[in-house]
Every structure is written in structure tokens, then in C-alpha cells.
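Chains, contacts and geometry: an overview
If you want the building blocks of each chain, they are given just below.
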Amino acid sequence: MKFSVTFGAVGDGRDPRGLAELARIAEESGWDGVFLEDYLAYQGDTSLPTYDPWICLAAMACATSSVRLGTTVTPLPRRRPWKVAAEAVALDHLSGGRMILGVGIGDPADPFLDGVSDPRVLAEMLDEGLAVIDALWSGEPVHHQGKHYQLDGAQLTARPLQHPRIPIWIGGNLLVPAVRRRILRWDGSCAYKGPTTASLPILPEDVSALRAERGNDFDLKVSGGDPSAFAAAGATWWGRWIAPGPRAEAEQILRAGPPKL
């Protein structure tokens, strides 16, 4: 099992320079991954400055050499999929093949979703956007005429370092059938359980059920609970969310290192 921490790029010490230093400390302290939440206004709160997580990831990649880096999660419907595809490839090269792309539909109340608030439409955009990204990462011309995106021979010639692609992890509510189908289609899960307003703890039984459905060829990231029980059930990552707050508290958590199995 690997261990990660997740930050929001928000508040004092969570700008690109600050997060680069936190990622360096995490790597020195034995953590395996550092992930960023992807907000433009952190959880809709504008009382603290929010920094672009993709710029922060670039700074983090330059400050580290082995820790995995990525988003958990990027609300793909808020972004043009070809822009995400190109940026992820650039980060994969900058980091030496350490990028992980976590995605979800986003918060329907996000003011930057360009007026789209129907979760069904956001789910359509997510699925179609992932198909476009996967095709663009092939380096071949892409012909795509979908409901939300259209490409007529567009091509990105820079390809990911990782093969067959940069890992795509799926976020969202594990109890929603479409989310579960998406998890089984792509490379990993960083899903939660239940609605965000009344989330439930993911249990080792949930991990075992996903493993039984998919097999062993994907990553499964969980948080909370007993890491040893999750590892026995088949989870490959255990993560800790570090809330926005004093930098000293974040450093203390990081320097304590990951749990011991």
C-alpha cells in the first residue's frame, strides 16, 4: 500500500512556492503521493485566496523527484478536454512520469461551470471528455463528433511518458451506478461514498467488492479507517486530507510520516 496526502491550494502557505515546499517535505518524510483539490474558488469560499492547482503541481514537480503528483479531483466539465490533455502531458514530462489525473463531474453549484448544473449533463461531459483525452494522448489525429465536443483531425504530438497512458482515477459517489461503471472503465478509484452532504465511510467490504468486479489491474485509493484492513481488502493507496490552516500544522503531519502497517 502507498500513502498520500491531499491539499487544497488555498490560503497562506498553499501558493505554488508553499506547496512545492510541502511536497518536498512529504517526499523526504516517506509519503508516496501528494494530490491537490482542483478549485478556482475553494469550496465556493472566496474569503481566502485560491491558487491554480495545475501551476502548483508544476512547482511541486520541480521540487521533488519520486513522489507521485496529481489532482483528486479535476472537475473535467469545467475544462476543455484538449487543454487538460496537453497540460497533463506537460506535467508528466516535467515530473518524469509521476502524474496521476483524478477526475469527477464537479460541483453543480460551481459558478465557473458556465451555467451547466444538471448532474446528468455533467456526467455526459465527463465521459465524453475522457474519451477525447484518451484519444489525444495517442498522438494520432482525432476525429470526434460528440454531443458536447467536436474535433476534426486535431492532434497533440507530445505524448505521455507513462504507458499506456497517464493513470486516470475516478472520483464521485461510489453508490451512483454511473460512477461505479466509470471506475471499472478507467485506471483507478479515488471515490467517496454517499452524497457530499452526508458522506459515509468507505469500508473494507466496499474495496473487496470493487476488487471482485474489476480484478487487480487498477488502483484503489481510500481514506480514514484502518489502513491495514484496507490493504488486506485490496486497496493500493491510503490518503489523508490536510485541511486548510496553519502551515506549521501541515508540516507536523507530513514530518510524522505515513501510517505504519
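No experiment lies behind these values; they were computed from the predicted model shown.

**Some details on the pattern of salt bridges**
For the structure on display, the rule yields 16 salt bridges. Here Arg78 and Asp38 are joined by a salt bridge, their closest N and O atoms 2.7 Å apart. Of this pair, Arg78 sits in the loop between β3 (68–75) and α3 (81–94) while Asp38 sits in the loop between β2 (33–37) and α2 (53–63), and the two are 40 residues apart along the sequence.

**Focus: unusual backbone geometry**
With an omega dihedral of 5°, the bond running from Thr72 to Val73 counts as a cis peptide bond. Inspection of the secondary structure puts Val73 in strand β3. With an omega of 5°, the peptide bond running from His163 to Pro164 counts as cis. Among the structural elements, Pro164 can be located in the loop between β6 (150–154) and β7 (168–170). Even without being glycine, Asp114 reaches a positive phi, approximately 60°. Relative to the assigned elements, Asp114 resides in the loop between β4 (99–104) and α4 (119–136).

**Quick look at the sheet that holds strand β8 (residues 188–189)**
Overall, parallel pairing links the 8 strands, which are arranged β1-β2-β3-β4-β7-β8-β9-β10 in a closed barrel. Across 3 bridges, strand β9 (residues 219–223) lies against strand β10 (residues 237–241) in parallel orientation. In the strand pairing of β10, Val222 is matched with Trp238.

Rules behind the numbers
- Residues numbered from 1 in each chain as written.
- Predicted model: local features only at pLDDT ≥ 70, side-chain atom pairs only at ≥ 80, totals over all residues.
- Heavy atoms only, no water.
- Salt bridge = Lys/Arg side-chain N within 4 Å of Asp/Glu carboxyl O.
- Helix = DSSP H or I, 4+ residues; strand = E, 2+ residues; numbered from the N terminus.
- Pairing = 2+ DSSP bridges.

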